[in-house]
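# Working through the structure, step by step
What follows is each chain in one-letter form.
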Amino acid sequence: MNLGQLNNDQKTVLKQFREAVQDCKLPESDDVYLLRWLVARDFDLVKAEKMLRNSMEWRRKYKVDAVLQDYEMPEVLTKYFAAGYIGVDKLNSYTVVVRYGLMDLKGILLSAKKRDYLTYVIEIVERSFQRVRNDPKKFKRSPDAIAQSTVIFDMAGFSMRHITYKPALDTAIQLVQLYEGNYPELLRRVFIINAPKIFSVLFSMLKPFMHEKTRHKIQIFSHDAKQWKAALLEDIDADQLPVCYGGTMTDPDGNPNCITKVSMGGEVPKSYYLNGKSSTNDKKCLSISSGSKEHLEFQVKNAGTVLKWDFHSEESDIAFAVYRKQGNEMIPVVPHDRVDCHMSPEEGEIYCDYAGVYVVEFDNSFSYLRSKKIWYSITVDHSSKPVCLNGNNLDYLDAEIQANQ
């Protein structure tokens, strides 16, 4: 949809929407950006405003705008996460291939923390928006049109291992939720090709988290290459599509898979695996019973103090948060999040804007069967200057969608 297609009632709603959210700090300030949210909620002003405000709070709290500048991705993701930009479709939609079936998701998630996986996917999405802003003529049908994406999910190689490894399934669900809540009308079309029968199991698990509008944009094809190649070429010109998918595009060396644009995934070497062995030197031990949580209080005498933490668990994850006491209230400073600290130590720091009592929370209330042993070191450094959180400003991207797990 573009602005020129709006009827008078829709133009009135758009004007009202702009006035209602004028206090929001938006990534893009034009009417086309606002139109995304209205289309996603069928021009229901109240629902669109709620959706946008929730998303802006998510971006602010987890500093999503800093992803493209400040976050250094783990090498295992840049090498083995098989996704990449290939060109545009016939409607100038930004087009991406994801070789999902060739990815060793278990290996990736044993080599990188879940939040890094989520952040990497968000980086891909945010980079697509950046490219569109930098070259709107290439990626938009008209100046007043909503820029969208076409995604090809190649499921060749997909098997039960993509479903039975729970962290991989959890991250797939979380990514659907992140998309639905924060990137309205981003998708124009989704092609799922080479889908084996077992894929229906995964799709049935993801469908409840998809908006009806999203489900209607998805086309699923089995291994009949003649059928899905014809469908792809209806939407995408041959010179914008790798040879392996029915187009004419190749790598400079003639490779029909265009691996310089989209890697072939593959098994992750065990040398990348996080070994989970952490030193207990200079750390205190804390046992947290199943179904319970522990609070540790730290007095911060002056604004400008840095609160640092370094902890790990002996087995399984733990939920972590930092709060500031204000009267009878607990003001979140680091959002509540389950962290994979059994895989590698969780380290971070925050710059305390206020003096007062800060509360570090280790929460095992989600686990009713297993107690956890935490080894931790938490310090209050009054001499430090403000320091970047070494990625921890992005550590909690998925905190808000953990509630249902």
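- As recorded in an unreviewed UniProt entry, the chain goes by SEC14 4-like protein and comes from Daphnia magna.

## Quick notes on the overall build of the chain
- In terms of helices and strands, the chain carries 13 helices and 13 strands.
- Against the 2.2 N^0.38 benchmark of 22 Å for 405 residues, the chain shows a C-alpha radius of gyration of 23 Å, consistent with a compact globule.
- C-alpha atoms of the chain, sized along the principal axes, occupy 65 × 55 × 40 Å.
- Once local pairs closer than 6 in sequence are excluded, the contacts in the chain between residues at least 24 apart make up 79%.
- Here the chain displays about 19500 Å² of accessible surface, and carbon together with sulfur accounts for 49% of that area.

## Side note on the pairing of strand β2 (residues 94-98)
- Most of β2 sits inside the fold, with five of its five residues counted as buried.
- Covered by surrounding structure in β2 are Tyr94, Val96 and Val98 together with Thr95 and Val97, the residues of both alternating faces.
- For strand β1 (residues 83-88) and β2, the ladder comprises five bridges, and the chain directions are antiparallel. In the sheet register, Tyr85 faces β2, and the bridge partner there is Val96.
- Between β1 and β2, which pair antiparallel one after the other, the connecting turn spans five residues, and Asn92 there sits at a positive phi close to 65°.
- Note: β2 against strand β3 (residues 149-154), five bridges, orientation parallel.

## Here's the deal with unusual backbone geometry
- With a phi close to 60°, Phe43 is a non-glycine residue in the positive phi region.
- Looking at the element boundaries, Phe43 is found in the loop between α2 (31-40) and α3 (45-61).
- Judged by its relative accessible area of 16%, Phe43 falls in the buried class.
- Positioned with a positive phi, Asn92 is a non-glycine residue whose angle comes to about 65°.
- Owing to a relative accessible area of 22%, Asn92 belongs among the partly exposed residues under this scheme.

## Here we look at helix α10 (residues 166-182)
- Relative to the 24 Å expected for 17 residues at 1.5 Å per residue, α10 spans 24 Å between its end C-alpha atoms, a close match to the ideal helical length.
- Counted residue by residue, α10 has 14 buried out of 17 residues, so it is predominantly covered.

## Describing the domain arrangement of the chain
- Domain assignment breaks the chain into domain 1 (3-62), domain 2 (72-183 + 190-211 + 221-272) and domain 3 (284-381).
- Taking the mean C-alpha position of each, domain 1 and domain 2 sit 28 Å from one another.
- With 14 residues of domain 1 at the interface, the matching set in domain 2 holds 16 residues.
- For the pair domain 1 and domain 2, the summed buried area comes to about 1200 Å², and 52% of that belongs to carbon and sulfur atoms.
- It is Val32, Arg36 and Trp58 that lose the most area in domain 1 upon contact with domain 2, and together they represent 45% of the buried surface on that side.
- Taken together, the links from domain 1 to domain 2 amount to two salt bridges.
- With a shortest N-O distance of 3.0 Å, Glu126 and Arg59 are connected by a salt bridge.
- Viewed at the interface, domain 2 and domain 1 are joined by six residue pairs in polar contact (both at pLDDT 80 or more).
- Elements supplying a minimum of two residues to the side of domain 1 that touches domain 2: α2 and α3.

## Some details on helix α13 (residues 225-235)
- All of the buried residues in α13 are Trp228, Ala231, Leu232 and Asp235. An end-on view of α13 places all buried positions within 100° of arc, on one side of the element. Residues of α13 that are exposed and point more than 90 degrees away from the buried face comprise Lys226 and Glu234.
- Where α13 is buried, its residues meet β3, β4 (187-193) and β5 (218-220).
- Measuring from the side-chain oxygen of the N-cap residue of α13 to the backbone nitrogen of Lys226 gives 3.2 Å; that N-cap residue is Asp224.

## So, the packing of aromatic side chains
- Using the criterion set out here, one finds 18 aromatic pairs in the structure.
- A ring pair is formed by Phe81 and Tyr120, whose centres lie 5.4 Å apart and whose planes are at 85°; its orientation type is edge-to-face. Of this pair, Phe81 sits in the loop between α5 (75-80) and β1 while Tyr120 sits in helix α7 (residues 114-134), placing them 39 residues apart in sequence. Note on accessibility: Phe81 and Tyr120 belong to one class, buried.
- Relative to Tyr183, the ring of Phe129 lies with its centre 5.9 Å away and its plane at 20°, an arrangement referred to as stacked. Linking Phe129 in helix α7 with Tyr183 in the loop between α10 and β4, this pair joins segments that are 54 residues apart in sequence.

The rules behind the values
- Residues numbered from 1 in each chain as written.
- Predicted model: local features only at pLDDT ≥ 70, side-chain atom pairs only at ≥ 80, totals over all residues.
- Heavy atoms only, no water.
- Helix = DSSP H or I, 4+ residues; strand = E, 2+ residues; numbered from the N terminus.
- Rg over C-alpha atoms; globule rule 2.2 N^0.38 Å.
- Contact = heavy atoms within 4.5 Å.
- Areas by Shrake-Rupley, 256 points an atom, 1.4 Å probe, with all protein chains shown as cover.
- Buried < 20%, exposed > 50% of the residue type's maximum accessible area, 1.4 Å probe, protein only.
- Pairing = 2+ DSSP bridges.
- Expected span 1.5 Å × (residues − 1).
- Domains from an automatic or database assignment.
- Buried area = accessible area lost by both parts, 1.4 Å probe.
- Salt bridge = Lys/Arg side-chain N within 4 Å of Asp/Glu carboxyl O.
- Polar contact = N/O pair within 3.5 Å; in protein donor to acceptor, adjacent residues only side chain to side chain.
- Arc of directions from axis to C-beta.
- Phe/Tyr/Trp six-rings, centres within 6.5 Å; stacked < 30°, edge-to-face > 60°.

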